[in-house]
Amino acid sequence: MKIDAVTIFPEYFAPLKLSLLGKAQESGIVEFGIHDLRSFATNVHNQVDDTPYGGGAGMVMMPEVWGKALDPLMSAQSDLIILTPAGRRFDQPMAAKFSKASHLVFACGRYEGIDDRVRQHYLSKNHRVHEVSIGDYVLGGGEVASLVMIEAITRLIPGVLGNPESLAEESHNQEGYLEYPSFTKPQNWRDIPVPEILLSGNHGEIAKWRAAQAIERAKENL
Ligand code: ADE
């Protein structure tokens, strides 16, 4: 999979070199391209934003700069993802869908967002365009939201996780976010013992216990 991100802060994407994502890139399963929006600025001040038509606070990112950055990236294989708190909420099923895509392009807006004609233009050219939010809170921009999405999506691509069984187990657990509590050595820590059932070796009973615990935990965190 190819993943491109367009941003005025390319440094935000340094973590892509680490851990799982770094390894996925080294092994050639994913390829990341980070593009500095400012390098597509058209005036001498490298300006990327301007005041909103109709008035109001804040600045809006200018469409011409975005068009110049996105045109060379977009093809029939591309899904354009525009990060905005007004977008559709990102969740595990959405991550699973995007993990089957061949090319994702993340447009990281700052300020009050990107001139809406950018979205309209790529839609009118029959591109797949998605406005996505990672949750009901407002971030300073789409960079961290892109990283969240990239990590959740990339780990679902076959070959990225060292142990594919953990994925199989996750999807078995209702879309992957129902998780039972986990324990490791020592058997007793600060007077808290590991639940007896986990030491029993009875895999059927352990599976039942874990399922019940996962439901209990999900209820508590509602
Ligand atoms: N940009 C600002 N806040 C955001 C959010 N919650 N999700 C995606 N992009 C954003």
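Residues numbered from 1 in each chain as written. Predicted model: local features only at pLDDT ≥ 70, side-chain atom pairs only at ≥ 80, totals over all residues. Heavy atoms only, no water.

Chemist: Looking at this model, I keep getting lost on the site of the ligand. Mind explaining?
Modeler: Neighbouring the ligand are the residues Leu83, Thr84, Pro85, Val132, Ser133, Ile134, Gly135, Tyr137, Val138, Leu139, Gly141 and Ala145. A distance of 3.3 Å is found between a nitrogen atom of the ligand and a backbone nitrogen or oxygen belonging to Thr84. One of the backbone N or O atoms of Leu139 is found 2.9 Å from a nitrogen atom in the ligand. Burial of the ligand by the protein chains amounts to 97% of its free accessible area of 260 Å². Elements supplying a minimum of two residues to the shell around the ligand: strand S5 (78-89) and strand S7 (128-133). Take the shell around the ligand: its biggest share by element is three residues, from S5. Residues of the shell around the ligand, tallied by class, amount to eight nonpolar, four polar and no charged. (Near = heavy atom within 4 Å. Polar contact = N/O pair within 3.5 Å; in protein donor to acceptor, adjacent residues only side chain to side chain. Areas by Shrake-Rupley, 256 points an atom, 1.4 Å probe, with all protein chains shown as cover. Helix = DSSP H or I, 4+ residues; strand = E, 2+ residues; numbered from the N terminus. Nonpolar A, V, L, I, M, F, W, Y, C, P; charged D, E, K, R; others polar.)

Chemist: Help me understand the sheet that holds strand S1 (residues 2-7) in this model?
Modeler: Strand order in the open sheet formed by five strands is S2-S1-S6-S5-S7, with parallel pairing between adjacent strands. Two strands bound the open sheet, and with one partner strand each, they are strand S2 (31-36) and S7. Across the sheet, the mean angle separating the axes of adjacent strands is 25° when strand polarity is ignored. One ladder, built from five bridges, connects S1 with strand S6 (residues 103-108); its direction is parallel. Along S6, the bridge assignment pairs Val6 with Ala107. Docked against the sheet, helix H5 (residues 142-154) engages S1, S2, S5, S6 and S7, running at close to 160° with respect to S6. (Pairing = 2+ DSSP bridges. Axes fitted to C-alpha atoms, helices over the stretch in contact; angles between N-to-C directions. Contact = heavy atoms within 4.5 Å.)

Chemist: Whenever I open this one, the environment of Leu73 confuses me. Can you help?
Modeler: With respect to the helices and strands, the residue Leu73 is situated in the loop between helix H2 (63-70) and S5. By relative accessible area, which is 14% here, Leu73 ends up buried. Here the alpha-carbon distance between Leu73 and Asp191, two residues 118 residues apart in the chain, equals 57 Å. In contact with Leu73, not counting residues within four places along its chain, are Asp4, Val6, His35, Ser78, His103 and Val105. (Buried < 20%, exposed > 50% of the residue type's maximum accessible area, 1.4 Å probe, protein only.)

Chemist: Would you explain H2 in this entry?
Modeler: The complete set of buried residues in H2 reads Val65, Trp66, Gly67, Ala69 and Leu70. Where the residues of H2 are buried, they touch S1, strand S4 (60-61), S5, S6 and helix H4 (117-124).

Chemist: Can you help me understand the nonpolar core in this one?
Modeler: Soluble globular proteins: nonpolar side chains tend toward being buried together. Ranked by internal contacts, the top residues of the largest apolar core, which has 32 residues, are Ile81, Phe90, Leu104, Phe106, Met149, Ile150 and Ile153. Counting residues per element, this core draws most heavily on H5, which supplies six residues. Among all residues touching Ile81, those that are not within four sequence positions of it are Phe98, Leu104, Val105, Phe106, Ala107, His130, Val132 and Met149. Of all hydrophobic cores here, the second largest spans 20 residues; its members include Ile8, Trp66, Ala107 and Ile114. (Core = buried A, V, L, I, M, F, W, Y, C linked by side-chain atoms within 4.5 Å.)

Chemist: It is not clear to me how unusual backbone geometry should be interpreted in this structure. Could you clarify?
Modeler: Most peptide bonds take the trans configuration, and most residues that are not glycine carry a negative phi. Looking along the chain, the bond that leaves Lys185 and enters Pro186 is cis, with omega of 0°. For Pro186, the position within the fold is in the loop between helix H6 (164-172) and strand S8 (188-189). Positioned with a positive phi, Tyr111 is a non-glycine residue whose angle comes to about 55°. Residue classification places Tyr111 among the partly exposed positions, given a relative accessible area of 39%. Even without being a glycine, Asp191 presents a positive backbone phi close to 65°. Turning to its location among the elements, Asp191 is positioned in the loop between S8 and strand S9 (192-193). On the basis of relative accessibility, which here comes to 71%, the residue Asp191 falls in the exposed class.

Chemist: Whenever I open this one, the pairing of S5 confuses me. Can you help?
Modeler: For a regular strand, the rule is simple: side chains alternate between the two faces of the sheet. Here six bridges tie S5 to S6, and the two strands are oriented parallel to one another. Counterpart to Ile81 in the pairing with S6 is Phe106. Considered for its hand, the β-α-β crossover made up of S5, helix H3 (residues 92-98) and S6 is right-handed. Bridging between S5 and S7 involves seven bridges; their strand directions are parallel. Each bridged residue has a counterpart across the sheet, and for Ile81 the counterpart in S7 is His130. (Right-handed = clockwise from strand over helix to strand, strands pointing away.)

Purely geometric numbers; function is a separate question.
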